[in-house]
Amino acid sequence: MHYCVADYVLDIAQNALEAGARNVRVEYGSAGDAIEVEVIDDGSGMSAEIRSRALDPFHTDGIKHPGRSVGLGLPFLVQGVEQAGGGWSLESRPGWGTRVSFSFPKGGLDTPPEGDLPGLFRSLLCLDGRHELVVRRRKVSQGGGAAEYMLSRGELELALGELGTGASLGLLLDYIESQERD
Ligand SMILES: Nc1ncnc2c1ncn2[C@@H]1O[C@H](COP(=O)(O)OP(=O)(O)O)[C@@H](O)[C@H]1O
Ligand SMILES: [Mg+2]
């Protein structure tokens, strides 16, 4: 199975929600010569012990994802990033939350494809729960300059109604794709 950068991002954001986050911020930038991602949450955070267990590829609780077809998680992210010559960091404190940052060199031999970014952002915005999730996307504009846009789950819900239902799914994707084209 070949993973895309998008798969890693979705997995890390899922961790944030599983940790009870009320606010998740996903930064996705590819304006420079690296793909830079940051996922920040205000969930439970991790103690030093949980943190080192979380990075151990041989540890899994086996409960959370009994039927999951793709198993990623932090160790796989670290492995993929290091193999590609990228960088990563994990900051986490109980009661404060967690910040996972990672980067891949753009066009690197072992850098995975980015994947379907509008589809990723839509999936992120439609993740189940009663949290706020914000995507900040930095990219190169059509004109070649740096551009950015933001997507807020709360604001989009006000405009489109409940995300993840038939009609709003299509509208949401149209909107994200229009932002991506600018
Ligand atoms: N954002 C986060 N906040 C709090 N704990 C986290 C977070 N991300 C990961 N963890 C902890 O690290 C563990 C391992 O995460 P992961 O590698 O994604 O595997 P899994 O989600 O299948 O347990 C989680 O079970 C959780 O205890
Ligand atoms: Mg996980």
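Residues numbered from 1 in each chain as written. Chains lettered and ligands numbered in written order. Predicted model: local features only at pLDDT ≥ 70, side-chain atom pairs only at ≥ 80, totals over all residues. Heavy atoms only, no water.

*Asks:* Is there a simple way to think about the packing of helix α1 (residues 5–18) against helix α3 (residues 73–83) in this case?
*Replies:* Two packed helices can be described by the angle between their axes and the distance between those axes. The geometry of α1 relative to α3 is characterised by a closest axis approach of 10 Å and an angle of 145° between their N-to-C directions. Seen from above, α1 lies across α3 with left-handed handedness. Within the contact between the two elements, α1 uses Y8, D11, I12 and N15 and α3 uses G73, L74, F76, L77 and G80. Considered class by class, the residues forming the contact of α1 with α3 number 5 nonpolar, 3 polar and 1 charged. (Axes fitted to C-alpha atoms, helices over the stretch in contact; angles between N-to-C directions. Helix = DSSP H or I, 4+ residues; strand = E, 2+ residues; numbered from the N terminus. Left-handed = near helix turned anticlockwise from the far one by under 90°. Contact = heavy atoms within 4.5 Å. Nonpolar A, V, L, I, M, F, W, Y, C, P; charged D, E, K, R; others polar.)

*Asks:* Where do I start with the side chain of D41 in this structure?
*Replies:* Structurally, D41 can be placed in strand β2 (residues 34–41). An unpaired buried charge is present at D41: no salt bridge exists, and R99, the closest side chain of opposite charge, is 9.9 Å distant. In contact with D41, other than residues within four places in its own chain, are A16, A21, N23, V24, W96, G97 and T98. (Buried < 20%, exposed > 50% of the residue type's maximum accessible area, 1.4 Å probe, protein only. Lys, Arg positive; Asp, Glu negative; His and termini not counted. Salt bridge = Lys/Arg side-chain N within 4 Å of Asp/Glu carboxyl O.)

*Asks:* Would you explain the layout of surface pockets in this entry?
*Replies:* Left-over empty space is what a probe sized like a water molecule reveals as it rolls over the atoms. Looking at the second largest pocket, its volume works out to about 270 Å³. Every residue lining the second largest pocket is counted, 11 residues in all, and those nearest its centre are Y3, Y8, G80, Q83 and P112. The dominant element in the lining of the second largest pocket, judged by the number of residues it contributes, is α3, at 4 residues. A breakdown of the residues in the lining of the second largest pocket according to their chemical character gives 6 nonpolar, 4 polar and 1 charged. (1 Å grid on protein atoms, 1.4 Å probe; cavity = no way out; pocket = protein on both sides within 12 Å on 5 of 7 lines; lining within 4 Å. Points joined across faces, edges and corners; volume = space filled by probe spheres on them.)

*Asks:* Help me understand the nonpolar core in this model?
*Replies:* Soluble globular proteins: nonpolar side chains tend toward being buried together. Ranked by internal contacts, the top residues of the largest apolar core, which has 38 residues, are V9, Y28, F102, F121 and L124. It is α1 that provides the largest number of residues to this core, a total of 8 residues. With near-sequence residues (within four places) excluded, V9 lies in contact with V26, Y28, V37, F102, L120 and L124. (Core = buried A, V, L, I, M, F, W, Y, C linked by side-chain atoms within 4.5 Å.)

*Asks:* Honestly, the pairing of strand β6 (residues 146–152) in this entry has me stumped. Any pointers?
*Replies:* The two faces of the sheet receive side chains in turn, since in a regular strand these alternate between them. Relative to β6, strand β5 (residues 132–140) runs antiparallel, the two being bridged by 7 bridges. Residue pairing for β6: V140 is matched across the bridge by A146. Between β5 and β6, which pair antiparallel one after the other, the connecting turn spans 5 residues, and G144 there sits at a positive phi close to 100°. (Pairing = 2+ DSSP bridges.)

*Asks:* Please explain the sheet that holds β6 as it appears in this structure.
*Replies:* Each strand in a sheet pairs with another by means of backbone hydrogen bonds, the pair being arranged parallel or else antiparallel. Pairing is mixed in the open sheet, where 6 strands are placed in the order β3-β4-β2-β1-β5-β6. Strands with a single pairing partner mark the edges of an open sheet, and in this sheet they are β3 (87–93) and β6. Taken over all neighbouring pairs, the strand axes of this sheet differ in orientation by 5° on average, direction set aside. When strand β1 (residues 23–29) meets β5, the two strands line up parallel, connected through 7 bridges. Bridge pairing in β5 places G29 opposite R138. Against the sheet, helix α5 (residues 153–160) contacts β5 and β6, and its axis sits at roughly 70° relative to β6. Contacts from helix α6 (residues 166–181) reach β5 and β6 within the one sheet, and its direction differs from that of β6 by about 165°.

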